[in-house]
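Structure assessment
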Amino acid sequence: MTNGAKVAVLGGGSFGTVIANLIGSKGEAVNLWMRNAERAEEINRTRENSRYLPGQRLADLLYATADLEQALADADIIFVSIPSQSFRDVISQAKHYLRPEQIVVSTTKGIEANTFSLMSQILADELPDNPIGVISGPNLAKELVQKQLTATVIASEDEQVRTAVQEILHCAYFRIYASTDMYGVELGGTLKNIYAIASGLSAALGMGENTKSMLMTRSLAEMSRFAVQLGANPMTFLGLAGVGDLIVTCSSPLSRNYRVGYALGEGKSLEEAVTSLGEVAEGVNTLRYVKEKADELEIYMPLVCGLYEVVFNGAPVSQVAKMMMLNTQSSDVEFILPRDAG
């Protein structure tokens, strides 16, 4: 696919707006679909998404609309930046206006309630005739919009999808790497939200650098253990969508999940923490779903279990931390030495 491709972005939140603006800034026409017609009209009038990216002028070639059919009509590539709980609903509406050759790419990091489906699985269910892919990586929207050097991963089994997305998104400050492991890339982006909550919580309690390093490394071990059980390639977690995304999300106060954890560490309730954020923090729901799945599949995930007790059952953090430190010691990297051989 050459330059001149028409693009639609579904979802006018932070990341959806940033992706649409990046494409528009490259001189490509882009439609940004959002549910709220008044906000769409405001973006077209003021060239600003005042709710999510205040003070940032948006590209002239970006057109916001609340008309889904209009947004999708001429699009060659469609990026879907819809929160996970609304993802299937929007895709099921969109499919009535889609043609089989249109590429559909998810940028959403989350898991669907009840089905434990990742967004690529929802796309495959709802759009069996469309080429699909997923984007994930250390991509904080507020840094990307400031044109800070950033990289991401496009994962798809379809080479055409990988090439098209690399071409449409690549620019001086955004580099796009390719992968065929859709499941692993997606799980990396989804699971790290859980550990960002743990990291924020620990930061609020004044943890040291040793603790931070231990927390991140054991998080990576736990993420990859879970993902491999579900069919992912463990090597994916050494890349941007695994350790790269984990580092940025666990280190940055710009991360919504980190901020929820920090608020919990300050003694706020979960409801107070989420309310003060004002945006969806995917990690809270992901924690619940992953805990259920880990229990079902008997996957050893002590960090998830401990954090679950703190977030949903109000367990004292110090008590949970002590319990986790008393867990049976085992191997460092179980793909080298099996965990039960430690």
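Here, the structure is the one placed above.
Owing to the predicted nature of the structure, the values given are computational and were not obtained by experimental measurement.

Some thoughts on the overall build of the protein
In terms of regular secondary structure, the protein is built from 15 helices and eight strands. Taken over C-alpha atoms, the radius of gyration comes to 20 Å for the protein, in line with the 20 Å a tight globule of 342 residues would show. C-alpha extents for the protein along the principal axes are approximately 60 × 40 × 35 Å. Within the protein, buried positions represent 54% of all 342 residues. A sequence separation of at least 24 residues applies to 71% of the contacts in the protein between residues at least 6 apart. When the accessible surface of the protein is split by element, carbon and sulfur atoms take 49% of a total near 15100 Å².

Here we look at the packing of aromatic side chains
The relative placement of two aromatic rings is captured by the distance of their centres and the angle of their planes. The final tally for this structure, using the stated rule, is three aromatic pairs. Ring geometry for Tyr-258 and Tyr-262: centres 6.4 Å apart, planes at 25 degrees, overall stacked. Taken together, the positions of Tyr-258 and Tyr-262, both in helix H11 (residues 256-265) and four residues apart, correspond to about one turn of that helix. Tyr-258 gets classed as buried once you look at its relative accessible area, which sits at 11%. On the accessibility criterion, Tyr-262 (32% relative accessible area) is partly exposed. Aromatic pair Tyr-308 and Phe-312: ring centres 5.0 Å apart, planes at 50 degrees, arrangement tilted. With Tyr-308 and Phe-312 both in helix H14 (residues 302-313) and four residues apart, the pair spans about one turn of that helix. Taking relative accessible area as the criterion, Phe-312 reaches 22% and is therefore assigned partly exposed. One Lys or Arg, Lys-291, reaches over the ring of Tyr-308 and ends 5.0 Å from the middle of that ring. The aromatic ring of Phe-116 is capped on one face by Lys-293, whose charged end is 5.0 Å from the ring centroid.

Things to note about the side chain of Thr-190
The residue Thr-190 is located in helix H8 (residues 182-204) in this model. Apart from residues lying up to four places away in sequence, Thr-190 is in contact with Lys-109, Gly-110, Ile-111, Leu-118 and Thr-286.

Some thoughts on the pattern of salt bridges
Within the structure shown, the criterion is met by 14 salt bridges. The shortest N-O distance in the salt bridge between Asp-245 and Lys-109 comes to 2.8 Å. One end of the pair, Asp-245, is in helix H10 (residues 240-251); the other, Lys-109, is in the loop between strand S5 (103-106) and helix H5 (119-126), with 136 residues separating them in the sequence. The burial state of Asp-245 is the same as that of Lys-109; both residues are buried.

Quick look at the nonpolar core
Core analysis: the biggest nonpolar cluster contains 42 residues, and Leu-187, Ile-194, Tyr-195, Phe-226, Val-290, Met-301 and Leu-307 have the highest contact counts within it. Sequence-distant contacts of Leu-307, defined by excluding residues within four places in its chain, comprise Ile-194, Ile-197, Ala-198, Leu-201 and Leu-287. Within the second largest apolar cluster, 36 residues are counted, among which are Ile-19, Ile-43, Leu-62 and Phe-174.

Cut-offs applied
- For every chain, the first residue of its written sequence is number 1, and the numbers climb from 1 along that sequence.
- Only residues with pLDDT of at least 70 are given local features in this predicted model, and only at 80 or more are side-chain atom pairs given and counted; all residues enter the totals for whole chains, interfaces and linings.
- To get the side-chain values, all heavy atoms of the structure are used, and hydrogens and water are removed first.
- The secondary structure listing takes helices from DSSP runs of H or I that are at least 4 residues long and strands from runs of E that are at least 2 residues long, numbered from the N terminus.
- Note that the radius of gyration is over C-alpha atoms, with the globule rule given as 2.2 Å times the number of residues to the power 0.38.
- Burial classes follow relative accessibility: with a 1.4 Å probe on protein chains only, a residue under 20% of its type's maximum area counts as buried, one over 50% as exposed, and anything between as partly exposed.
- The criterion used for residue contact is that any of the two residues' heavy atoms lie within 4.5 Å.
- Only the protein chains shown count as covering a residue, and every accessible area follows the Shrake-Rupley method with a 1.4 Å probe.
- Centres within 6.5 Å are what make two rings of Phe, Tyr or Trp a pair, Trp counting through its six-membered ring; a difference in plane orientation under 30 degrees is then read as stacked, over 60 as edge-to-face, and the rest as tilted.
- Charge over a ring is defined by NZ of Lys or CZ of Arg lying within 6 Å of the ring centre and within 35 degrees of the ring normal.
- Take a side-chain nitrogen of Lys or Arg and a carboxyl oxygen of Asp or Glu: if they are within 4 Å of each other, that pair is a salt bridge.
- To form a nonpolar core, buried Ala, Val, Leu, Ile, Met, Phe, Trp, Tyr and Cys residues must be joined to one another through side-chain atoms within 4.5 Å.

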